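Residue-level structure breakdown
Each chain, letter by letter, is given below.
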Amino acid sequence: MIQRSSSYSSHPPPMLGRALVTLAYLAPCFCKVYEDVTQLPGLSYDFVIVGGGTAGNVVANRLTENPDFSVLVLEAGVSNEGVTDSIVPFLVESLLQPNIYEWNYTTVPQPGLNGRNVGNPRAHILGGCSAHNGMVYTRGSVDDYNRFAAVTGDPGWSWDRLLPYFFKNEKWTPPVDHHDTQGQYNPAVHSTKGINSVSLGRLYWPIFSKHVIESTKELPDEWPFNLDMNSGKPLGLGWIQSTIGGGMRSTSATSYLGPEFIHRQNLHVLLHAQVSKLVDAGRVSGKLTFGGVQFAQGGSFFTAKAAKEIILSAGSVGTPNILLHSGIGDEAALTALDIPSLLDLPSVGKNATDQPVFGLGWTVNSTQTLESISQNETRFNEAFAQWNRSHNGPFSAGGTTHLGWLRLDPQTLATNNFTDPSAGHNSPHIEVSFTPGSLSAPPGSNALSAGIAVLNPVSRGSVTINSSNPFDSPVIDVGFLQSDIDVFTGREAIKKVLKLFEAPTWQDYIIAPIVDVENLSDDALNQFIRNSASSAFHLVGTAAMSAKDARYGVVDPDLLVKGTIGLRIIDASVFPYVPSAHTQAATYVVAERGADLVKEAWE
Ligand SMILES: Cc1cc2nc3c(=O)[nH]c(=O)nc-3n(C[C@H](O)[C@H](O)[C@H](O)COP(=O)(O)OP(=O)(O)OC[C@H]3O[C@@H](n4cnc5c(N)ncnc54)[C@H](O)[C@@H]3O)c2cc1C
Ligand SMILES: *[C@@H]1O[C@H](CO)[C@@H](O)[C@H](O)[C@H]1NC(C)=O
Ligand SMILES: *[C@@H]1O[C@H](CO)[C@@H](O)[C@H](O)[C@H]1NC(C)=O
Ligand SMILES: *[C@@H]1O[C@H](CO)[C@@H](O)[C@H](O)[C@H]1NC(C)=O
Ligand SMILES: *[C@@H]1O[C@H](CO)[C@@H](O)[C@H](O)[C@H]1NC(C)=O
Ligand SMILES: *[C@@H]1O[C@H](CO)[C@@H](O)[C@H](O)[C@H]1NC(C)=O
Ligand SMILES: *[C@@H]1O[C@H](CO)[C@@H](O)[C@H](O)[C@H]1NC(C)=O
Ligand SMILES: *[C@@H]1O[C@H](CO)[C@@H](O)[C@H](O)[C@H]1NC(C)=O
Ligand SMILES: *[C@@H]1O[C@H](CO)[C@@H](O)[C@H](O)[C@H]1NC(C)=O
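Residues numbered from 1 in each chain as written. Chains lettered and ligands numbered in written order. Predicted model: local features only at pLDDT ≥ 70, side-chain atom pairs only at ≥ 80, totals over all residues. Heavy atoms only, no water.

The chain carries the name GMC oxidoreductase in an unreviewed UniProt entry, which gives Mycena venus as its organism. UniProt annotates the chain under Cofactor (unreviewed entry) with the comment "FAD". According to UniProt, the comment filed for the chain under the heading Sequence similarities (unreviewed entry) is "Belongs to the GMC oxidoreductase family." (UniProt positions renumbered as here; feature names shortened; annotations may be inferred.)

What follows is the structure, given as structure tokens:
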């Protein structure tokens with residue numbers, strides 16, 4: 001029996017290794033998140049979940065609702081406990097630098113970005129990207145999910161059938177300042193009974209917000225007001241909703257592994273445990289099976305056994321990386337790296353899809369901007385102190401106040417010979433985020449910014465490996481702006497944003513553009529986009545689901561890896577397309593339904 005200690009032990013465990021593998025699962029309650037493998041009562045479980053990220057913790061929570069199932073979550077990253085930059089909504093930026101909360105990935109040079117490479121942050125912390133993302137809560141459109149259903153042949157992925165899962169996930173929460181939210185969202189499309197908090201922000205930037213809302217009155221055809229962009233019909237402009245509750249970030253770790261759940265006797269979470277590959281391969285009726293996963297901690301290797309299923313929730317980079325190192329992928333590519341190929345599944349890591357983003361900024365005639373805090377240390381400290389006292393004030397939210405969702409004009413698409421890349425007429429092509437401040441504001445000025453995202457990129461990239469060492473970084477290619485329509489969409493977005501800021505309401509507010517793009521030729525606009533675009537960090541599709549009989553794809557519509565038994569993938573890598581939205585809500589909903597699919601198989 002292994003001794004458990006209440007604090008992190010830096011001493012190498014004396015008797016670990018294969019001996020541990022044979023330990024049976026023991027019943028006593030250990031009731032928490034473990035830092036050291038020696039603290040675990042054993043390494044044999046019904047389910048082993050790889051990755052305690054956004055999706056993984058949902059699955060862990062739902063499976064352990066059944067007291068007969070034992071679950072181990074293996075997370076490579078560190079604890080989220082007390083990580084101020086993750087808890088305080090305003091401080092998110094500092095988490096994205098190279099630090100212990102980060103995998104520190106970058107993409108390969110992107111030809112579509114004139115050879116630049118761009119960061120591809122992935123969280124290395126319990127809660128995964130939900131613990132370091134921008135907290136924007138957007139579900140996408142009915143068409144996005146109906147397209148999931150159509151390409152997989154499974155109506156279970158349609159909007160109507162997923163709505164109950166959105167509701168299981170979402171715990172609608174009043175904003176921290178308790179302002180009157182009438183006219184800012186539609187309660188009918190939200191749930192107060194789910195697990196992860198979602199709220200409107202505090203009304204901290206009323207002057208800026210007034211101008212944004214006024215634009216929807218002055219330009220109702222181009223920029224109609226949308227009461228609630230999470231109704232499945234997101235087109236228009238409305239108030240941002242965020243995964244924040246009580247002025248604090250809500251993550252899959254703080255919610256799904258919250259105090260009311262983490263004490264379940266059948267739920268164990270191990271940190272600092274990086275899975276290298278699937279092991280104990282076998283065959284059952286011609287299909288590939290694995291008995292467990294190999295992971296490393298503190299320089300030693302261990303094996304965790306899964307009697308029922310291994311569930312990969314390591315995210316759009318981690319999941320294909322583990323599959324490839326386990327011999328599942330393109331056979332020729334694996335053989336070239338001397339990795340024995342166990343299953344030729346060429347789609348692993350292919351069709352990687354991410355949304356390019358870039359921004360426009362203006363200086364403004366107002367001091368009610370983020371610069372008033374970010375450029376003034378006194379105000380910054382005051383705001384921080386206010387948050388420390390009350391979880392209120394500007395630090396209780398991110399900077400963005402509103403989001404707009406637009407479609408390209410059908411006529412413009414047609415005359416340029418482009419096929420509509422969106423999932424349907426409710427799906428926007430363009431997102432514009434409105435922020436009373438800009439990272440490129442000149443010192444001493446105040447600014448606003450409009451962030452533009454190309455939501456349905458046609459370009460595809462890949463996540464591959466170029467080494468047989470599972471601890472080497474995978475090769476991430478987001479394939480940005482390879483297709484003409486992606487650049488075209490960016491250009492059209494700029495034109496629409498410039499028109500918006502010509503509305504009368506902005507005339508006394510805006511002073512001058514920070515970078516003037518107003519009269520640029522299309523070629524010059526293309527260069528502006530290629531030279532400034534970066535990633536929305538919405539990488540998906542690297543282990544995509546497809547119909548049962550499809551000749552491509554990685555998982556079936558029930559998320560089981562094609563050609564295997566007992567191996568499932570539940571995370572953002574299974575999306576067959578990126579939704580016309582930020583991707584965490586879609587990840588949560590895929591995880592909620594994914595957990596139900598597992599339960600259906602075993603209950
Ligand atoms: C910087 C950033 C900002 C974003 N902003 C937003 C936003 O504002 N709104 C929004 O909706 N979406 C946003 N997203 C996207 C969204 O957060 C992700 O799409 C979603 O959280 C992905 O969830 P996941 O479960 O697939 O992966 P993750 O949440 O990344 O979880 C994967 C987990 O697996 C672990 N892991 C990986 N490999 C291994 C291994 N070998 N062994 C053990 N553990 C492993 C990782 O450490 C991680 O904890 C953002 C993403 C990023 C990176
Ligand atoms: C990312 O970089 C930081 C700083 O160099 C380092 O401490 C951290 O361990 C790195 N993350 C990983 C997963 O290697
Ligand atoms: C990529 O996805 C498309 C469908 O969107 C499919 O036709 C194609 O085969 C996929 N490619 C790979 C390598 O999986
Ligand atoms: C800013 O607005 C004030 C009135 O509110 C006006 O007097 C001033 O000229 C404006 N400044 C600029 C630079 O537009
Ligand atoms: C910074 O903020 C403080 C407190 O509000 C204020 O007194 C000071 O003038 C500000 N400094 C500048 C340079 O604006
Ligand atoms: C707020 O609390 C954090 C974490 O305890 C601390 O690091 C920070 O200095 C505090 N800031 C202020 C201004 O009180
Ligand atoms: C669109 O296709 C038509 C017919 O092939 C061609 O004449 C026209 O030049 C194309 N337009 C553009 C903008 O490429
Ligand atoms: C693998 O790719 C990375 C870029 O992601 C590069 O730095 C590295 O040199 C490559 N290694 C090999 C062996 O090709
Ligand atoms: C752009 O061109 C228009 C029309 O020629 C002109 O009125 C406007 O001042 C120009 N804008 C800039 C910023 O040069």
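That was the structure; now back to the text.
1. A short note on the UniProt feature "active site" (unreviewed entry) in the chain
The positions UniProt marks with the feature "active site" (unreviewed entry) are His538 and His582. For this annotated set, covering 45 residues, all C-alpha atoms fall within 6.6 Å of each other, a compact arrangement in space. Among the secondary structure elements, His538 is positioned in the loop between β23 (534-535) and β24 (567-569). Among all residues touching His538, those that are not within four sequence positions of it are Arg122, Thr353, Asp354, Gln355, Val578, Ala581, His582 and Thr583. Relative to the elements of secondary structure, His582 occurs in the loop between β24 and α15 (584-602). On the basis of relative accessibility, which here comes to 16%, the residue His582 falls in the buried class. Residues within four places of His582 in sequence aside, it is in contact with Val136, Thr138, Trp405, Glu431 and His538. (Helix = DSSP H or I, 4+ residues; strand = E, 2+ residues; numbered from the N terminus. Contact = heavy atoms within 4.5 Å. Buried < 20%, exposed > 50% of the residue type's maximum accessible area, 1.4 Å probe, protein only.)

2. A closer look at the sheet that holds strand β5 (residues 196-200)
A sheet is described by the order of its strands in space; here three strands give the open sequence β4-β5-β7, paired in mixed fashion. Pairing within the sheet leaves two strands with one partner each, and these edge strands are β4 (170-172) and β7 (241-242). Bridge count between β5 and β7: two bridges; the pairing is antiparallel. Within the sheet, the bridge partner assigned to Ser199 lies in β7 and is Ser242. Against the sheet, helix α5 (residues 159-169) contacts β4 and β5, and its axis sits at roughly 60° relative to β4. (Pairing = 2+ DSSP bridges. Axes fitted to C-alpha atoms, helices over the stretch in contact; angles between N-to-C directions.)

3. Here's the deal with the layout of surface pockets
To find leftover empty space, a probe the size of one water molecule is rolled over the atoms. Quantified by volume, the second largest pocket comes out at close to 660 Å³. Lining the second largest pocket are 30 residues; nearest its centre among them are Ala253, Thr254, Ser255, Gly258 and Pro259. Among the elements of the structure, α3 (84-87), β9 (248-249) and α7 (259-262) are those that each provide at least two residues to the lining of the second largest pocket. Taken together, the residues that form the lining of the second largest pocket break down as 12 nonpolar, 13 polar and five charged. (1 Å grid on protein atoms, 1.4 Å probe; cavity = no way out; pocket = protein on both sides within 12 Å on 5 of 7 lines; lining within 4 Å. Points joined across faces, edges and corners; volume = space filled by probe spheres on them. Nonpolar A, V, L, I, M, F, W, Y, C, P; charged D, E, K, R; others polar.)

4. Considering α5
Within the sequence span of α5, burial applies to Trp159, Leu162, Tyr165, Phe166 and Asn169. For α5, the arc enclosing every buried residue in end-on projection is 110°, short of the 170-degree limit, so these residues lie on one face. Of the surrounding elements, those touching the buried residues of α5 are α4 (142-152), β4, β5 and α15. (Arc of directions from axis to C-beta.)

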